[in-house]
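# Summary of the model geometry
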Amino acid sequence: MSTPLLSARGLSRDYRLPGGALKHALADVDLDVAAGEILAVIGESGSGKSTLARLLLDLDRPTRGRVEFQGRPISTDRRALRAGTGIVLQDPYASLDPRMRVRTTVAEPLRALRVPGDHRRLVAEVLERVGLRPEHAECYPHELSGGQRQRVAIARAVVHRPRLLVGDEPTSALDVTVRAAIVALLRELNATLGLAVVLVSHDLGLVQHLAARVVVMHDGRIVESGPTASVLADPQHTHTRALVAAVPRLPARSTDAAAL
Ligand SMILES: Nc1ncnc2c1ncn2[C@@H]1O[C@H](COP(=O)(O)OP(=O)(O)O)[C@@H](O)[C@H]1O
Ligand SMILES: [Mg+2]
C-alpha cells in the first residue's frame, strides 16, 4: 500500500481535570487517511472527535502517539502541514474576523504561507468555486447569511489548494437546505481537486451522503470502522447501534440540525 496522506498511531490525549483526575479524551487511536478519500468520524458528544481533529492538524499536542502527514511527523515540518491542510469549524460566524472583509479573510493563508502569484485573482477564483459572487469579496461577515459565511470559511480553508480538509461539524449550525448545499460543495471539491476530507459529524445523514468510510468513536476510542454503507446498515458495536437508532430514517431528516 502506498503511504497514506495522513496517519495517526497510538494517538492519545489526557486532560488534567480541576480535581486532579485524568480524563482520557483520546485513547490509542490509529487512523489512516488516503489521498482523495472522504472519511467520516462519528460518535456522540464528548467521544473525542474534536480532540482527534485538533491533534491531526497539530492544533493540540498528543499525550502519547504520533501523526504523520505525507509520511513525515507533523511536528518536524509544520509548514508542510499548514500548506497541505485546511480546517472548517462548526460556527462560521465565530471563525471569521468581523472586522475583516471576505477578501482579506480568504487571502490570509496565501499571505501566511507566502504563496507566490496574484492573491486577488486566487481569491476571486476560490470564491467562484465555493459558489460566491465576486462582489462578496468586499463584504464583512455580518453582511452575509450563515450559509454564505460557511462558504467563506471553506474558501479560506482551500484557497492554498491543500490536499486535506478537516471539517469539525461544519454544517451543524446551518439549516437543512444550506447544509445540503455545503455537502454538495464538499463533494465537488473532493471530485475536482482530489481533496481528501476528514468530516467530523454526528449527522449520520450527512455522513451517509458524503463519506465512503466511517470510524465510530466512543469514550476516546475508535470502536468500529468500515465502509459507511455497511457500518450504518449493519452496525456491530452497541454505541454505533445507538447512534443509528437515534436517527429514525436515513437519509432525510429535516430536524437534525435543531435536534442535535
Ligand atoms: N481542554 C479540555 N480540558 C478538559 N477536558 C476536555 C478538554 N477538551 C475536551 N475535554 C473532554 O474530552 C472529552 C472529548 O471532548 P471532545 O473531543 O470535544 O468530544 P466531541 O468533539 O466528540 O464532542 C470530553 O469528555 C471533554 O469534556
Ligand atoms: Mg466536538
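Residues numbered from 1 in each chain as written. Chains lettered and ligands numbered in written order. Predicted model: local features only at pLDDT ≥ 70, side-chain atom pairs only at ≥ 80, totals over all residues. Heavy atoms only, no water.

Naming follows an unreviewed UniProt entry, where the protein chain appears as ABC transporter ATP-binding protein of Dactylosporangium vinaceum. Note on the protein chain: under the UniProt heading Sequence similarities (unreviewed entry), the record states "Belongs to the ABC transporter superfamily." (UniProt positions renumbered as here; feature names shortened; annotations may be inferred.)

## A closer look at the overall build of the protein chain
Looking only at helices and strands, the protein chain features 10 helices and 10 strands. For the C-alpha atoms alone, the extent of the protein chain along its principal axes is close to 50 × 45 × 45 Å. A burial count over the protein chain gives 48% of its 260 residues as buried. Pairs at least 24 residues apart make up 70% of the contacts formed inside the protein chain by residues separated by at least 6 positions. In the structure as shown, the protein chain presents an accessible area of about 12300 Å², 52% of it carried by carbon and sulfur atoms. (Helix = DSSP H or I, 4+ residues; strand = E, 2+ residues; numbered from the N terminus. Buried < 20%, exposed > 50% of the residue type's maximum accessible area, 1.4 Å probe, protein only. Contact = heavy atoms within 4.5 Å. Areas by Shrake-Rupley, 256 points an atom, 1.4 Å probe, with all protein chains shown as cover.)

## A few points about the pattern of salt bridges
The full count for this structure, using the stated rule, is 14 salt bridges. For the salt bridge of Arg-13 with Asp-60, the shortest nitrogen-to-oxygen distance reads 2.9 Å. With Arg-13 in strand β1 (residues 6–16) and Asp-60 in the loop between α1 (49–56) and β4 (64–69), this pair connects stretches of sequence that are 47 residues apart. You can call Asp-60 buried: its relative accessible area is 14%. Arg-179 is the salt-bridge partner of Asp-203, the closest N and O atoms lying 2.1 Å from each other. (Salt bridge = Lys/Arg side-chain N within 4 Å of Asp/Glu carboxyl O.)

## A few points about the pairing of β1
Among the 11 residues of β1, eight are classified as buried, and the element is accordingly described as predominantly covered. Sheet topology note: the β1/strand β2 (residues 22–33) ladder contains eight bridges and is antiparallel. The residue bridging Ser-7 from the neighbouring strand is Asp-32, located in β2. Between β1 and β2, which pair antiparallel one after the other, the connecting turn spans five residues, and Gly-20 there sits at a positive phi close to 105 degrees. (Pairing = 2+ DSSP bridges.)

## Thoughts on the sheet that holds strand β7 (residues 164–168)
Pairing in this open sheet of six strands is mixed, and the strands run β6-β7-β8-β3-β9-β10 from one edge to the other. With partners counted over all chains shown, the strands left at the sheet margins are β6 (85–88) and β10 (221–227), one partner each. Averaged over all pairs of adjacent strands, the angle between their axes in this sheet comes to 15 degrees, without regard to strand direction. Note that strand β9 (residues 213–218) and β10 share six bridges and pair antiparallel. When the bridges of β10 are listed, Val-215 appears paired with Ser-225. Sheet strands touched by helix α5 (residues 146–158): β6 and β7. Its angle to β6, the strand with the most contacts, is close to 165 degrees. (Axes fitted to C-alpha atoms, helices over the stretch in contact; angles between N-to-C directions.)

## Re the site of ligand 1
With respect to spatial proximity, 13 residues lie near ligand 1, and among them Gly-46, Gly-48, Lys-49, Ser-50 and Thr-51 are the closest. Contact distances for ligand 1 include 3.1 Å between an oxygen atom and a backbone N or O atom of Gly-48. The separation between an oxygen atom of ligand 1 and a polar main-chain atom of Ser-50 is 2.9 Å. Surface burial for ligand 1 is 64%, taken as the share of its 560 Å² of free accessible area covered by protein chains. Residue assignment for the shell around ligand 1 shows that the elements contributing at least two residues are β2 and α1. Of the residues forming the shell around ligand 1, the biggest block, four residues, is contributed by α1. (Near = heavy atom within 4 Å. Polar contact = N/O pair within 3.5 Å; in protein donor to acceptor, adjacent residues only side chain to side chain.)

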